[in-house]
Structure formats: structure tokens, C-alpha cells
Amino acid sequence: DSYATATDFDVFGDWKLFNKGEASEGTLFFNLEGRWDYGTLGPQTLGFVSSGTSGGTANSFVAYQPAFTMRQIYLQVGSTESKWGYRIGKVTVDGLLTSSRHINPNATFLPNAGTGMFVNAPPDSGIGIIGRYTFNDSWSGLAVVSDANADRMDLGDIGAGDFYAAAELHWKKPTGAARDAGAKITVWHTDGTKDGQPANGGTGNSGYGFSVLYEMDLADDGRPAIVARYGRSYNGAAIFDAQAGLHFLLYQPAGALRFGTDVFGAAVNWVDTATPGGREEYNLELFYRFPIIPKLDLTISYQRIKNPANTDEFDNTNAYSLRLTSSF
């Protein structure tokens, strides 16, 4: 196939259960997610199948069977003002580790290699616990233990005793600095899946790895920003043996095209796939997002993929995308 269309639909909710307004505030969060295609393939699968890419073309745009699932439902204890907090329940790990406020598969960049750090071998959404602690204005930490056999469509199999564990250290410029900057370093280990089959960012093998991220604003007004990421996986535990990316964003570009809430983005991503015989793959992405009407944004994206990892029939391919996003 040469084209594909899909919808990703999310409903988020929260219910404050106890100790409202206190450091030990308890809140129940849930995320109901639906995904469906309009044809034989979704845009994410289109990249893997038709283009032979390991890094994909449109993260999160592939159908569910059935169409809806409770992606997350967990109890969170600890307010945003408290130094500590934790989540316990059905949680999502892949969008949490080595993350950036500038990178989002539904609002900014599109391909898997340019959005998630799948070199971290994150398990699927499943039973787990996530804890955080803030040491001071500059330093904080995060720890995760989750079911390595997790499955977003059900509750996985935590009783099998296979776990994914990660720890992350965060640094950010002290409050009051003219330009924001921050860094993260993540280390992780996975027991692999009980049957050795791939799941989300993992290949099913036991292994470990690390990743790092640095981001900063390039001007005092915060409009231009840059994000750099790198990670490695060992023992073939992740779908990527190595991954790197350099991302640039310009919010509210000046000139005739300026809409006030629009953003321009450019990124170069590189992945070394864990697939035997696969090539090192490069993905160049350019996008522009702007509002059509209030609460409805259109993104125009172009990707140039060099050396698609899972095919040697061609050395270059192109992907063109249109994305409509609404939040309300």
C-alpha cells in the first residue's frame, strides 16, 4: 500500500479521592484510548510494511482490536507541589522515560524513532508502580517497576514474575534562569517476556541499557528550542541496539505565516535496528503545525528515510503526512 489513514482518540479523567490540597493527595486517573484504521493498514504499519523502516513513519496510528481499551488506570498519591509521589495500577512507561515536553507523537514529531525512546525496551501498558522524588530545585529522580509481560489490551501476566525496572535522574536549570535547560539519564533492565516474544519496545530477551537527553531553549523568549537524545541497548533486549536524534523546534515563527499558536519542527533520527541483517537507518523529518480554527490544528509533515533498515530493495523513500488534532 502507498497510503493509509487512521484515528487516535483519547479520553482522560481524574477523581480526587482523599486528602485534597495536601501533599499526600490521592487521585484516580484513567485514560481510555481508541484507535481505528480506514483500510487495510494504519500509517504506523504502512511504514514498517511498505517502506521497510525500523523507525516507523507515524507513531500511535495503528488500529486496536477491539477499537477501545483502558490504556491507563492508576492511583496517584502526592500533589504537584509535594517533593514525592507515586503511581500504582495500570501505567504506561514508554512515553515517560527520557521524555521531553517538546516531543509528542500527537502534537509535534511523527515517527517512532523521533518520538519514543524504544531503545529503552519499554514494556507495554500494564501493572506497575512509578515513584518520584525531588531533591532540590535542580535535581529529581524517577523509578519504575512494571510487568514485562504487560499488554495494553488486558492486564498482562504479572504473576509470571518477569519485570522491567528503570531509574532516571533529572537535572534542570535553577528557577529564574533566563533560558530553560535540562538533562536526563536513564538506566534500565528487563527480564524479557515469559515466551521470548516481542512486546512494545522489547524483543522478548533479557537485557539492559541506558539513554540520555539534553534540551534547552535557544533564546530568552523560549520560542526556539533544541533536544538531543541518545541510547544503547545490550543483549538484544530492545528493538533498537542504538538510537540517536537531534530535534529543533520554533514556536510561533515570525513573518507572514505566523498564526500565534503554530510551531515548526525539524529532526534527524538514526537507529541501529536489532533485526539481524538490518541496516543503520536515518530519518529526516520536517513539519509545520498551525490552527485551522480554535481547538483544531493541522500538521503537514515530510519524512526522507535513508537506508530503510528492513529492506535492501531501495535506499531512499519518502513519507508525506497530514494530521488533524483537537483537544477539548
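Here goes a summary of the coordinates provided. (Residues numbered from 1 in each chain as written. Predicted model: local features only at pLDDT ≥ 70, side-chain atom pairs only at ≥ 80, totals over all residues. Heavy atoms only, no water.)

Helices and strands together make up the secondary structure of the protein, namely two helices and 15 strands. Here the C-alpha radius of gyration of the protein, 20 Å, is about what a compact globule of 328 residues would show, namely 20 Å. Summarising its shape, the C-alpha atoms of the protein cover approximately 55 × 55 × 35 Å along the three principal directions. The burial tally for the protein puts 47% of its 328 residues in the buried class. Contacts in the protein between residues at least 24 apart in sequence constitute 60% of all its contacts with a sequence separation of at least 6. For the protein, the accessible surface area stands at approximately 15600 Å², while carbon and sulfur atoms represent 60% of it. Positive and negative side-chain charges of the protein, numbering 25 and 35 respectively, have mean locations separated by a distance of 7 Å. (Helix = DSSP H or I, 4+ residues; strand = E, 2+ residues; numbered from the N terminus. Rg over C-alpha atoms; globule rule 2.2 N^0.38 Å. Buried < 20%, exposed > 50% of the residue type's maximum accessible area, 1.4 Å probe, protein only. Contact = heavy atoms within 4.5 Å. Areas by Shrake-Rupley, 256 points an atom, 1.4 Å probe, with all protein chains shown as cover. Lys, Arg positive; Asp, Glu negative; His and termini not counted. Charge placed at Lys NZ, Arg CZ, Asp CG, Glu CD.)

So, about the packing of aromatic side chains. By the definition in use, this model includes ten aromatic pairs. Both rings, one in Tyr133 and one in Phe135, keep their centres 5.2 Å apart while their planes meet at 70°; by these two values the pair is edge-to-face. Seen in terms of ring centroids, Tyr164 and Trp188 are 6.1 Å apart; in terms of plane orientation they differ by 15°. Their pairing is stacked. With a gap of 24 residues between them, Tyr164 in strand S7 (residues 163–172) and Trp188 in strand S8 (residues 181–190) connect regions that are remote in the sequence. With respect to burial, Tyr164 and Trp188 carry one shared label: buried. Through a chain of ring-to-ring contacts, three or more aromatic side chains come together here, namely Phe9, Trp36 and Phe68. (Phe/Tyr/Trp six-rings, centres within 6.5 Å; stacked < 30°, edge-to-face > 60°.)

A separate point is the nonpolar core. Within the largest apolar cluster, 14 residues are counted, with the highest numbers of intra-cluster contacts made by Leu97, Ile130, Val144, Tyr164, Ala166 and Trp188. Taken together, the elements giving at least two residues each to this core come down to strand S6 (139–147) and S7. Counting residues in each nonpolar core, the second largest holds eight residues, with Ile103, Phe109, Leu249 and Val263 among its members. (Core = buried A, V, L, I, M, F, W, Y, C linked by side-chain atoms within 4.5 Å.)

Mapped onto the secondary structure, Asn149 falls in the loop between S6 and S7. Sequence separation of Asn149 and Asp162 is 13 residues, and the distance between their C-alpha atoms is 6.7 Å. For Asn149, the side chain forms a polar contact with the side chain of Asp162, separated by 2.9 Å. From its side chain, Asn149 meets the backbone nitrogen of Lys194 in a polar contact 2.8 Å long. (Polar contact = N/O pair within 3.5 Å; in protein donor to acceptor, adjacent residues only side chain to side chain.)

Note that strand S2 (residues 26–37) and strand S3 (residues 68–77) share nine bridges and pair antiparallel. Residue Phe29 lies in a different strand from S3, and its bridge partner there is Tyr74. (Pairing = 2+ DSSP bridges.)

What follows deals with a nonpolar patch on the surface. Together, Trp84, Tyr86, Ile88, Ile129, Tyr133, Phe135, Trp139, Val145, Ile158, Phe163, Leu169 and Ile185 make up a nonpolar patch on the protein surface, roughly 1000 Å² of accessible area in all. Of all the secondary structure elements, the ones that give two or more residues to the nonpolar patch are strand S4 (84–91), strand S5 (126–134), S6 and S7. It is S4 that contributes the most residues to the nonpolar patch, three residues altogether. Residue position: Phe163 is located in strand S7. Residue Phe163 is classed as partly exposed on the basis of its relative accessible area, which comes to 32%. (Patch = residues over 30% accessible without salt bridge, like charges linked within 9 Å, V, L, I, M, F, W, Y side chains within 5 Å. Salt bridge = Lys/Arg side-chain N within 4 Å of Asp/Glu carboxyl O.)

It is worth spelling out the side chain of Thr57 at this point. Mapped onto the fold, Thr57 is located in the loop between helix H1 (43–49) and S3. Among the polar contacts listed, one links the side chain of Thr57 to the backbone oxygen of Pro43, at a separation of 2.9 Å. Beyond its immediate sequence surroundings of up to four residues, Thr57 is in contact with Pro43, Gln44, Gly47, Leu110, Pro111, Asn112, Gln303, Ile305 and Ala319.

Turning our attention to the environment of Arg179. When you line up the elements, Arg179 lands in the loop between S7 and S8. Sequence separation between Arg179 and Trp270 is 91 residues; the distance between their C-alpha atoms is 28 Å. Once residues lying within four places of it in the same chain are set aside, the contact partners of Arg179 are Lys173, Asp217, Leu218, Ala219 and Asp220. Only 3.1 Å separates the side chain of Arg179 from the backbone oxygen of Leu218, close enough to count as a polar contact. Of note is the side chain of Arg179, whose polar atom sits 2.8 Å from the side chain of Asp220.

Another aspect to go through is the pattern of salt bridges. Here the idea is simple: oppositely charged side chains can pair when their charged atoms come close. According to the stated counting rule, one finds 13 salt bridges in the structure shown. Notably, a salt bridge pairs Glu33 with Arg71, separated by 2.8 Å at the nearest N-O pair. Highlighted residues: Glu33 in strand S2 and Arg71 in strand S3, separated in sequence by 38 residues. A relative accessible area of 4% means that Glu33 is categorised as buried. For Arg71, a relative accessible area of 7% translates into the label buried.

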